[in-house]
Amino acid sequence: MLCVLASLLLAATAPSVAESNVILRTAAEINDFYAQKYPGDATFEIEGSIRPDGENYIFEDTTGATLLHRIKTDPPPKSCSAKLTGFTLFEKNEAFVIAQTATITGEAAFRPPADLKIQEIEPSRLCFTEVRTTGLVVDAHKDDVDARFTILLLKDGNAYLPVSFPANRYTDPTRFVGARVEAAGMLLRAIRGTRKFSGPIITDTHVRVIVPPPADPFNAPLLQRSWYTMTPSDIAALDSHLIRGRVLAIWNDDHLLVRDADGNLLNVILARPDSLPESDAIVECVGYPQTDLFRITLTNARWRPFADTSFHVPTDIPSLPATADSILLDTNGCKRVDGDHYGKLVRLVVGQAVHEAEALAERSGDETDAGCRADEGEARQVEADRARV
């Protein structure tokens, strides 16, 4: 889309040096223009290496690399070093850098890819440059918007970075999942096109396996109680771990709520599952732990049935009598999940049963039991033994 729009812009009259007091002379200064650090349009006179990138060109000099949307006159067919002049402009919130002339001066001299950890990659400084990094592949899938490309999600500690490549470059890219790989390509601030806020991504990536994935991905350490004393960033830095438990709820075709043998509740987010377990099934799930405000979540997870008859998940969990209002309204009447109910087993009651439950709770001092003692003969009681909020 940028290329088409840039072509249309060429029909407009280019600004002259007289119309602009700003002359950009380096890739870094052009990137400052993209970042809108200049008040308006400008012209440029630059010298460095260029290479074709579709209908665009990548320009690199000693200060960094940047994008040229078009070379109007005699565009070089291949990589070379050149002197270029042209103009910049903004059109409908899009920034364009268009070269009017290109004079070839010799062979291209691009720098080799910079070797960086994922945590060291700075998109604002390194955009359009070649980078090389390593990470654990935790997901592989076709681009949700453009099926011509495949995306791998790399993890290094608690840092994540997607990389993309043409879908026909590797057969069955899911074979990379679980492997530690080296990925090299061009860093962009966001996925090309209209997804301007996707976050940084390495494009046109070449992938090399450093450590192959495990033969059995479920051969991973079990969740430890010590996790509950760790910080969220320390938990997110862990490699894949295993949990076992009973499925209490399933939603969104990829989310599970699981109770483990210690009675803990855990969220599981499956990575594009082919199938889902039944509610109440005993399963084991392997994935990468993260947290929300309340509990641990396994992300990019897989599941399979777990049939060990000695494994026991507690079922005698006390339930709280509750109504929709008591769950979804706080004490000030604001619409939000009431913190006293979050993550707890509740028994939904309606009508007179609410008052019965409250009275029994006051008399017994044990409101966790009151809902199941309400008189069903005088009011209808709706049970949801595993309703979660």
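Source: prediction; values computed, not measured.

### Notes on the confidence of the model for the chain
Stage number 1. Mean pLDDT for the chain: 82, with 84% of residues reaching 70 or above.
Stage number 2. Between the elements of the chain, mean pLDDT differs from a low of 38, seen in helix α7 (residues 367–370), to a high of 96, seen in strand β12 (residues 180–188).
Stage number 3. Under a pLDDT of 50 for its full length, residues 1–18 has, in the predicted model, 29 contacts with residues more than four places off or in other chains.
Stage number 4. Ignoring residues within four places in sequence, the model shows residues 363–389, a span with pLDDT below 50, making 65 contacts including any to other chains.

### Thoughts on the packing of aromatic side chains
Stage number 1. Within this structure, the stated rule accounts for six aromatic pairs.
Stage number 2. Seen from their ring centres, Phe33 and Tyr34 are 6.0 Å apart, and the 50 degrees between their planes marks the pair as tilted. Pair check on accessibility: Phe33 and Tyr34 agree, each one buried.
Stage number 3. Residues Tyr34 and Phe128 carry aromatic rings whose centres are separated by 6.5 Å and whose planes lie at 50 degrees to one another, so their mutual orientation is tilted. Remark: Phe128 occurs in the loop between α3 (123–126) and β9 (130–142) and Tyr34 occurs in helix α2 (residues 27–34); sequence separation between them is 94 residues.
Stage number 4. The buried category is assigned to Tyr34, whose relative accessible area is 16%.
Stage number 5. A residue is classified by how much of its surface remains accessible, and Phe128, at 8% relative accessible area, is buried.
Stage number 6. Clustering of aromatic rings is evident, with ring pairs tying together Phe33, Tyr34, Phe90 and Phe128.
Stage number 7. Here the guanidinium or amino end of Arg51 rests over the ring plane of Phe110, the centre of that ring lying 4.7 Å away.

Quick notes on the rules
Residues numbered from 1 in each chain as written. Predicted model: local features only at pLDDT ≥ 70, side-chain atom pairs only at ≥ 80, totals over all residues. Heavy atoms only, no water. pLDDT = per-residue confidence, 0-100. Helix = DSSP H or I, 4+ residues; strand = E, 2+ residues; numbered from the N terminus. Contact = heavy atoms within 4.5 Å. Phe/Tyr/Trp six-rings, centres within 6.5 Å; stacked < 30°, edge-to-face > 60°. Buried < 20%, exposed > 50% of the residue type's maximum accessible area, 1.4 Å probe, protein only. Lys NZ or Arg CZ within 6 Å of the ring centre and 35° of its normal.

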